[in-house]
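Read off the chains here:
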Amino acid sequence: VLRTGEEYVNAIRHRNKVEVYVMGKEVKDVTEHPFLKPSVLAFKATYDAAHEEDSKSLGRAWSSFINEEVNRFTHIHRSPEDLSAKVKLLRKISHKTGACFQRCVGWDALNTIYVTSRLMAERGKKEYYERFVEYLKYVQKNDIALAGAMTDVKGVRTLRPNEQPHAYLRVTQVTKDGIYVSGAKANITGIAASEEIIVMPTRAMSEKDKDFAVAFSIPLDTEGIKVIIGRQVNDGRRLEDGEIDGLPYRTNHEGLVIFDNVFVPMERVFMLGDWQMSGILVEIFSSYHRQGYGGCKSGLGDVIIGAAYNLAKQIGVEKAPHIQNKLNEMVLLNENMYGSGIAASLDAVKLCEDGCWWVNPMFANVTKQLVTRFPYEITKFSTDIAGGIIGTAPSEWDLKNPKLKPYIEKYLQGMMDYSTEDRLRMVRLLENIGFSVAFLIESVHGAGSPEAQRIAINRVYDYEYAEKIAKYLSQIEKRIEFKENAEPWRRTDTEKLANN
Ligand code: SF4
Ligand code: FE
């Protein structure tokens, strides 16, 4: 079924009890809790997108697994065009939410497990792939809301998992029916708004770490799972009950997910002790997720560009050459992020015979590396254009106080086409998105911190070959054997992945 947004919200409202904490207190209903409701609304947009006229062609896809149309957020990419539709869809939903809508991690996890279980099947271990395809059909048929959980808490970074077992999620017992796991996953986006979690290992493992090489899926309402929601900048505004200061009233959340001796039935286990595959799984997942950032972050960039342009109009400076230059810079930065995401999609890599389309790892990593920098630049330009008011504007409660309203209206008025309330609304929108976790902090650390992309880029780029070209053109070497492909990259294929 293609669920509507309402159906999704009802499903998580009426699910079994989940153990979620916000600011020390247990949450009764995630869909009504003021701290989490904005997150549910952003997540909901991924369901609505499959029904709304302007987005349904991007928001749906045909599944050959169940022979039905499915929400694209549960789809296994079948072509480079599918991958680029993902980036486009994310840009679009950013426009509808002004937030991170959280469902992409679970989607990337689905595609990652599909590819890795497929690669394991090709090497003779078929059970994971068979189980996963059954699970995938269930997810697609029911349009399940998935979170993806990769990042372990990691403790002392120089110690391996087996040297500090509590810092990585691990298998504590294997029975014929399933496995028991303990540990914690950190920074899990959208967790409280999800119905199920796909858990994956966070790094390459050695043989000694094989108890940590585990992937599975589990419903959030399973006994032994506890979620502690993290705080965000300006999060107190959600509790204020206003309608201007908290704009856009949709946002994301992240949580620390604790697994206290949780039982996972065997049919939900997609990797168990396969330590050699752990690093490959991480690499596949991170490139998928890094590609996506080119879509969602450029979508938020559009909102910020639009807000800055409007604020310039509100004070009558939109035609000033320096304002136009700044707006133009913002567009260049934004389209760079998007363009890289699209390139990562269209220059995709086929990892198995009947599909398994993986993003181009160079462009995916470049995309995410740009995303660690450009949103800060875009926010800086928008701050510059908006003026100091972005840091000093009175609250909506001042505007609503009859004693203060006439003064605020008089002294903060700009061009007469706009009211002072318009100005405050736009300032708040810009502030809440431009300085949000979704646009800044997540842009740095989501899908792996900046250094992780540099390492990946270095692995793909062939400096030796670039040097050979230079040596040939400087005639230090008289001969060169040119490669067939134009880019001096080591083209990734399954073998290369396996050797990493
Ligand atoms: Fe999706 Fe972007 Fe949020 Fe990741 S950061 S979950 S890609 S919207
Ligand atoms: Fe993310």
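The text that follows walks through the structure, step by step, so that each part is easy to find. (Residues numbered from 1 in each chain as written. Chains lettered and ligands numbered in written order. Predicted model: local features only at pLDDT ≥ 70, side-chain atom pairs only at ≥ 80, totals over all residues. Heavy atoms only, no water.)

**Focus on the layout of surface pockets**
- Computed from the structure, the second largest pocket encloses a volume of approximately 190 Å³.
- Residue lining of the second largest pocket: Pro34, Lys37, Pro38, Leu41, Arg238, Leu239, Glu240, Asp241, Gly242 and Tyr249, and that is the complete set.
- Considered class by class, the residues forming the lining of the second largest pocket number five nonpolar, one polar and four charged. (1 Å grid on protein atoms, 1.4 Å probe; cavity = no way out; pocket = protein on both sides within 12 Å on 5 of 7 lines; lining within 4 Å. Points joined across faces, edges and corners; volume = space filled by probe spheres on them. Nonpolar A, V, L, I, M, F, W, Y, C, P; charged D, E, K, R; others polar.)

**Observations regarding the packing of aromatic side chains**
- Here the structure, examined in full by the defined rule, presents 16 aromatic pairs.
- Arranged with centres 6.4 Å apart and planes meeting at 90°, the rings of Phe73 and Phe101 form a pair that is edge-to-face. Highlighted residues: Phe73 in the loop between strand E4 (68-71) and helix H4 (80-97) and Phe101 in the loop between H4 and helix H5 (104-122), separated in sequence by 28 residues. Just as Phe73 is buried, Phe101 falls in that class too.
- Measuring from centroid to centroid gives 6.0 Å for Tyr135 and Tyr138, while their planes differ by 40°, and the two rings are tilted. Separated by three residues within a single helix, Tyr135 and Tyr138 lie in helix H6 (residues 127-142), roughly one turn from each other.
- Aromatic ring contacts, followed pair by pair, group Phe132, Tyr135, Tyr138 and Phe270 into a single cluster. (Phe/Tyr/Trp six-rings, centres within 6.5 Å; stacked < 30°, edge-to-face > 60°. Helix = DSSP H or I, 4+ residues; strand = E, 2+ residues; numbered from the N terminus. Buried < 20%, exposed > 50% of the residue type's maximum accessible area, 1.4 Å probe, protein only.)

**Considering the side chain of Asp143**
- Checked against the element boundaries, Asp143 lands in the loop between H6 and strand E5 (146-149).
- Side chain to side chain, Asp143 and Arg103 meet in a polar contact 2.8 Å long.
- Apart from residues lying up to four places away in sequence, Asp143 is in contact with Val1, Leu2, Arg3, Tyr47, Asn71, Thr74, Arg103 and Glu195. (Polar contact = N/O pair within 3.5 Å; in protein donor to acceptor, adjacent residues only side chain to side chain. Contact = heavy atoms within 4.5 Å.)

**Considering the pattern of salt bridges**
- The tally for this structure, following the rule as stated, stands at 42 salt bridges.
- Lys96 is the salt-bridge partner of Asp54, the closest N and O atoms lying 2.9 Å from each other. One end of the pair, Asp54, is in the loop between helix H2 (37-48) and helix H3 (56-59); the other, Lys96, is in helix H4, and 42 residues separate them in sequence.
- Connected via shared salt-bridge partners are Glu243, Glu396, Lys400, Glu421 and Arg425. (Salt bridge = Lys/Arg side-chain N within 4 Å of Asp/Glu carboxyl O.)

**Regarding the pairing of strand E8 (residues 196-199)**
- Side-chain alternation along E8 places Glu196 and Ile198 on one buried face and Ile197 and Val199 on a second face that is also buried.
- Pairing of E5 with E8, which is carried by four bridges, proceeds in the parallel orientation. Pairing of Leu146 across the sheet is with Glu196, part of E8.
- Two elements, E8 and strand E9 (residues 214-219), share four bridges in a ladder whose sense is antiparallel. Opposite Glu196, over in E9, you have Pro219 as the bridge partner. (Pairing = 2+ DSSP bridges.)

**Describing empty space enclosed by the protein**
- Using the criterion set out here, one finds one cavity of 30 Å³ or more in the structure.
- Along its surface, the largest cavity is lined by 24 residues, and Arg238, Gly246, Arg250, Thr251 and Asn432 are the ones closest to its centre.
- Those elements giving two or more residues to the lining of the largest cavity turn out to be helix H14 (420-434) and helix H15 (437-445).
- Top element by residues in the lining of the largest cavity is H14. It accounts for three residues.

**What about the state of the cysteines?**
- Counted according to the given criterion, the structure contains one disulfide.
- Across a sulfur-sulfur distance of 2.0 Å, Cys352 and Cys356 are joined as a disulfide pair. One quick way to see it: the torsion about the S-S bond of Cys352 and Cys356 is about 85°, and its sign makes the bridge right-handed. (Disulfide = S-S within 2.5 Å.)

**Topic: the pairing of strand E14 (residues 355-358)**
- The side-chain alternation of E14 yields two buried faces, one formed by Gly355 and Trp357 and the other by Cys356 and Trp358.
- From the end of strand E13 (residues 349-352) to the start of E14, which pair antiparallel, there are two residues.

**Section: the site of ligand 1**
- Taken together, Cys100, Phe101, Gln102, Cys104, Val105, His289, Tyr293, Cys296, Lys297 and Glu442 are the residues near ligand 1.
- Only H5 and helix H7 (275-314) provide two or more residues apiece to the shell around ligand 1.
- Looking at the shell around ligand 1 element by element, the count peaks at four residues for H7.
- Split by residue class, the shell around ligand 1 holds six nonpolar, two polar and two charged.
- In this structure, the shell around ligand 1 is formed jointly by two domains, domain 1 (5-276) and domain 2 (282-458), each of which donates at least three residues. (Near = heavy atom within 4 Å. Domains from an automatic or database assignment.)

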